[in-house]
Amino acid sequence: MFRSIAHRGRLALAVFACGAVSAFAAAPPPAPSEPVTDTFHGVRVADPYRNLENVKSPQTQAWFKAQAEYGEAILSHIDIRDEMARRVAELGRSSGDLVREVVRLPGERIYYLKRPAGGSQFKLVMRVGLKGAERVLVDPEQLAKATGVPHAINYFMPSWDGRTLAYGISAGGSEDASLHLMDIASGKPIGTPIPRVRESYVSWSPDSRHLAYNQVRDLPAGAPDTETFLDTTVFLLKVGQPASRARPLFGPLVDTSLKLDRIDVGSIYFTPRGRYMVARTTDTTVPEGKLFVAPVAALASRRIPWRQISSAADKITDVQMRGDRLYLRTYTGAPRGRVIALSLKDPVLARAREVAAEPTQGVLREFGLDRDALYTEVQLGFNTRVMRHAKGTPRDGQDIAPGQAGSTFLIGDPAHAQRQPWVGTSSWTDLPRVLAVEAGGTTRDTGLRNSQRPAGAPELEVAEVMVPSHDGVRVPLAVIQRKGLARDGSNPTLLIGYGAYGFTFEAYYDPRALAWLERGGVIAFANVRGSGAFGDEWHRAGFKTTKPNTWKDGIACARWLIEQRYASPATMGIWGTSAGGIFVGRAVTAAPELFAAAVFDVGMLDAVRSEESANGITNISEFGTVKDPAEFAALLEMSTYHQIKDGSAYPAVMLVHGMNDPRVDVWNSGKAAARLQVASSSGKPVFMRLDGQAGHGVGSTAQQAASQRADIYSFLLWQFGKAGLKP
């Protein structure tokens, strides 16, 4: 529909003068309005721009295109924009290669995603041993060159025997992945791609001859978007056979006796040499679901005798198998998490034993297994540590790398075959590395990440504080700035929050952020309620009917930053992404006087209509449904679009979205932009930054990500009076 902004040429627009936004155009392109009024539980709800939800209509497409041109015209006249784009790109290149999702498998096989310095997209590479030569298995850039559309690797899983690779590829940020199989030795594809395998729920049978994967249905024309993730099926495919021969193995349409819900999205877990397989369901949003077990030998039967182990009420959020034992993370009776284990020979949850207790401090967020030990990742504040749990160790386990500063995270070992753990590192002030942990807790750098601090990078200082919120509850806030920066209220300050799904900000070093920090900028990360900073109870305190705590915590953090003289309302900005659209949108609509500018990034901004979208229906478990009176009231309150008031002096707002977003439909930004453009009395700009070859940010190229970051920083500095406009 539109060219990618990351590869833009300047659009042929009118000649603009320097000055207020009105100098760029007489006014933003007016939105076509076909108002609808709904009534929920006796409450009339006006929706003046319902028609913009029909993104495919020619009228709506024309308006989005005009809005994209309007936004590009504004951004192109910020005088530091090109300089900022060069600096962000330079910082990204100069920090070295990026490596993520490292997976270790038997035979010293190491797989990982790598984006070389200056590269566009992550490639899938492997090596045998750390001294082995690196081999590229999948290069999405070759697909992009052939099609002109960015491609990305969504997931990958090699077979246990190392012969076959399963991986997902999607285009244009859509995340609509197709499953590919490859013979690793030759690099040749096996069969044809299997469409609509969106989730990473792929697992190899113990003999590596069969692959289980979840596939969404091929919906008929005219089917509502809400059907997209309903009645999905787990198939079992023998390597070398066409997908048409795949066997339906698990799902709501496969075995009705299991009484699965239509929203139950299933996955099957195998282990090498394992005698059992485990089926798990989620709604793709919350991890709690149902668990079933059956013998692997039952695959020879026409019907699988699945035995249910647990339901969502048992609050199990992660599962792993080793041999005949099943390990489960649960927050039943432990809101900060614990790990239990049970024998699959007699899988009765009531007889499970605790193998890692709820931490005395912090939150047990993840766990992993190797050949001999159980490890947990315990998050305390903005940092996480890997703890080893063995007989005779303390209740909280033993830190496996006590001399390593910042955070440590366990590197994947899905076959549970390793005896020496590896950890990834992260901190606010240093780039990540991958370390091998020796006996006694000493570490050595594997060299998988050759990251380096950019030359000339400023020295940083970090303050982690607890800020009292509207009700006296104290909220974690991390503040990052250039060392020695004076606190005189004039610093460009950016408050970032999220507050949903139990997701928690943790310390990490982002070289691109130096472009902001070296200009005297301040960045503050708030773990507001709705995050998992203090476990499940903290998450539930910003969830459905308690959701107002999320943006009220954000407002409290903004006020604290102003009170502490980091910023003033003239230099305070706020940024929220995806579900963080609620955080940023409601903070801006509830306390517009605190902010000079705001970034609504792929934001959920119309919560009332969310469940009418493909992905929105899966989020009912997090935000609620209009069908429930109390939850409807909460959705209306958290919906930025519905809380915009005519005549209010709102800050400048840039709404960022990809036209192919599968998680939060672009009409969320469209409707909010249309409403703000007519409602705001401040005279400050409200515009959209749209990318026609992007989605939710997943799979964006390095150039797309750098361009977006540069535009955000430039927009904010302009609105803070730290940048001007070109004639």
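Because the structure is a prediction, the values reported are computed rather than measured. (Residues numbered from 1 in each chain as written. Predicted model: local features only at pLDDT ≥ 70, side-chain atom pairs only at ≥ 80, totals over all residues. Heavy atoms only, no water.)

Colleague: Would you explain the environment of Val 149 in this entry?
Modeller: In this fold, Val 149 is placed in the loop between helix 3 (140–147) and strand 7 (151–158). A residue is classified by how much of its surface remains accessible, and Val 149, at 22% relative accessible area, is partly exposed. Taking the C-alpha atoms as reference points, Val 149 and Gly 173, separated by 24 residues in sequence, lie 9.4 Å from one another. Dropping the residues within four chain positions of it, Val 149 is found in contact with Leu 143, Ala 144, Ala 171, Gly 172 and Gln 693. (Helix = DSSP H or I, 4+ residues; strand = E, 2+ residues; numbered from the N terminus. Buried < 20%, exposed > 50% of the residue type's maximum accessible area, 1.4 Å probe, protein only. Contact = heavy atoms within 4.5 Å.)

Colleague: Teacher, can you tell me more about the confidence of the model for the chain here?
Modeller: Fine structural detail should not be taken from predicted coordinates in areas where pLDDT scores are low. The predicted model of the chain averages 94 in pLDDT, with 96% of residues at 70 or higher. Below a pLDDT of 50 lies the segment residues 1–22, which in the model reaches 54 contacts outside its immediate sequence neighbourhood of four places, other chains included. (pLDDT = per-residue confidence, 0-100.)

Colleague: When you look at the sheet that holds strand 5 (residues 123–128) in this model, what are you seeing that I'm missing?
Modeller: Sheet strands associate in pairs through backbone hydrogen bonding, adopting either a parallel or an antiparallel arrangement. The strand order across the open sheet built from 4 strands is 3-4-5-6, with neighbouring strands paired in antiparallel fashion. In this open sheet, the two strands that pair with only one neighbour each are strand 3 (98–105) and strand 6 (135–138). When strand polarity is set aside, the average angle formed by the axes of neighbouring strands in this sheet is 30°. Where strand 5 and strand 6 come together, 3 bridges link them in antiparallel fashion. In the sheet register, Leu 124 faces strand 6, and the bridge partner there is Val 138. (Pairing = 2+ DSSP bridges. Axes fitted to C-alpha atoms, helices over the stretch in contact; angles between N-to-C directions.)

Colleague: Please clarify how the nonpolar core should be interpreted in this entry.
Modeller: If you look at soluble globular proteins, the nonpolar side chains tend to sit buried side by side. In this structure, Leu 477, Leu 495 and Phe 715 are the most contacted members of the largest nonpolar core, which totals 117 residues. Ranked by residues supplied to this core, first place goes to helix 12 (residues 702–719) with 8 residues. Ignoring anything within four residues of it in the chain, the contact list for Leu 477 reads Phe 382, Ala 463, Glu 464, Val 465, Val 467, Leu 495, Ala 524, Phe 525, Ala 526, Cys 557, Trp 560 and Leu 561. Core analysis: the next-biggest nonpolar cluster, separate from the first, contains 34 residues, Tyr 155, Ala 177, Ile 194 and Phe 235 among them. (Core = buried A, V, L, I, M, F, W, Y, C linked by side-chain atoms within 4.5 Å.)

Colleague: I'm lost on the pattern of salt bridges in this one. Help?
Modeller: Where side chains of opposite charge bring their charged atoms close, a pairing between them can arise. Going through the model one piece at a time under the given rule, you end up with 47 salt bridges. Ionic pairing is found between Arg 81 and Glu 72, a salt bridge with its closest N-O pair at 3.1 Å. What makes Arg 81 buried here is its relative accessible area of 2%. Under the relative-accessibility criterion, Glu 72 is labelled buried at 7%. (Salt bridge = Lys/Arg side-chain N within 4 Å of Asp/Glu carboxyl O.)

Colleague: Explanation requested: helix 12 in the structure shown.
Modeller: The periodicity of an α-helix, 3.6 residues per turn, causes residues three or four positions apart to be oriented the same way. An ideal rise of 1.5 Å per residue puts 26 Å on 18 residues; helix 12 measures up with 26 Å between its terminal C-alpha atoms. For helix 12, the tally of buried residues reaches 15 of 18 residues, placing the bulk of the element in the interior. At the exit of helix 12 stands Gly 721, carrying a positive phi of roughly 80°. (Expected span 1.5 Å × (residues − 1).)

Colleague: Explanation requested: the packing of helix 6 (residues 548–563) against helix 7 (residues 580–590) in the structure shown.
Modeller: Contact geometry for helix 6 and helix 7: axes closest at 8 Å, N-to-C directions at 65°. Note on packing geometry: the crossing formed by helix 6 with helix 7 is right-handed. Residue-level contacts link Thr 550, Trp 551, Gly 554 and Ile 555 of helix 6 to Ile 582, Phe 583, Arg 586, Ala 587 and Ala 590 of helix 7. Classifying every residue of the contact of helix 6 with helix 7 by side-chain character gives 6 nonpolar, 2 polar and 1 charged. (Left-handed = near helix turned anticlockwise from the far one by under 90°. Nonpolar A, V, L, I, M, F, W, Y, C, P; charged D, E, K, R; others polar.)

Colleague: Is there a simple way to explain unusual backbone geometry in this structure?
Modeller: Peptide bonds are mostly trans, and most non-glycine residues show a negative phi. Of note, the phi angle at Arg 273 is positive, near 60°, even though the residue is not glycine. By secondary structure assignment, the location of Arg 273 is in the loop between strand 15 (265–269) and strand 16 (276–282). A positive phi angle is found at Tyr 501, which is not glycine, with a value near 60°. Inspection of the secondary structure puts Tyr 501 in the loop between strand 33 (493–497) and helix 4 (514–517).

Colleague: In this structure, what is going on with the sheet that holds strand 15? I would like to understand it.
Modeller: One open sheet accounts for 4 strands, arranged 15-16-17-18; its pairing is antiparallel. A strand with exactly one partner marks an edge of an open sheet, and here the two such strands are strand 15 and strand 18 (307–310). Direction aside, neighbouring strands of the sheet carry axes that sit 30° apart on average. Sheet analysis places strand 17 (residues 291–295) next to strand 18, joined by 3 bridges and oriented antiparallel.

Colleague: So what exactly am I meant to see when it comes to the pairing of strand 38 (residues 686–691) here?
Modeller: Along a regular strand, successive side chains alternate from one face of the sheet to the other. Here strand 38 lies mainly inside the structure; 6 of its 6 residues are buried. Because side chains alternate across strand 38, one face comprises the buried residues Val 686, Met 688 and Leu 690, and the other comprises Phe 687, Arg 689 and Asp 691, equally buried. As paired strands, strand 37 (residues 652–658) and strand 38 are joined by 6 bridges and run parallel to one another. Paired with Leu 655 across the two strands is Met 688, which belongs to strand 38. The parallel pair strand 37 and strand 38 is bridged by helix 11 (residues 667–679), and the resulting crossover is right-handed. (Right-handed = clockwise from strand over helix to strand, strands pointing away.)

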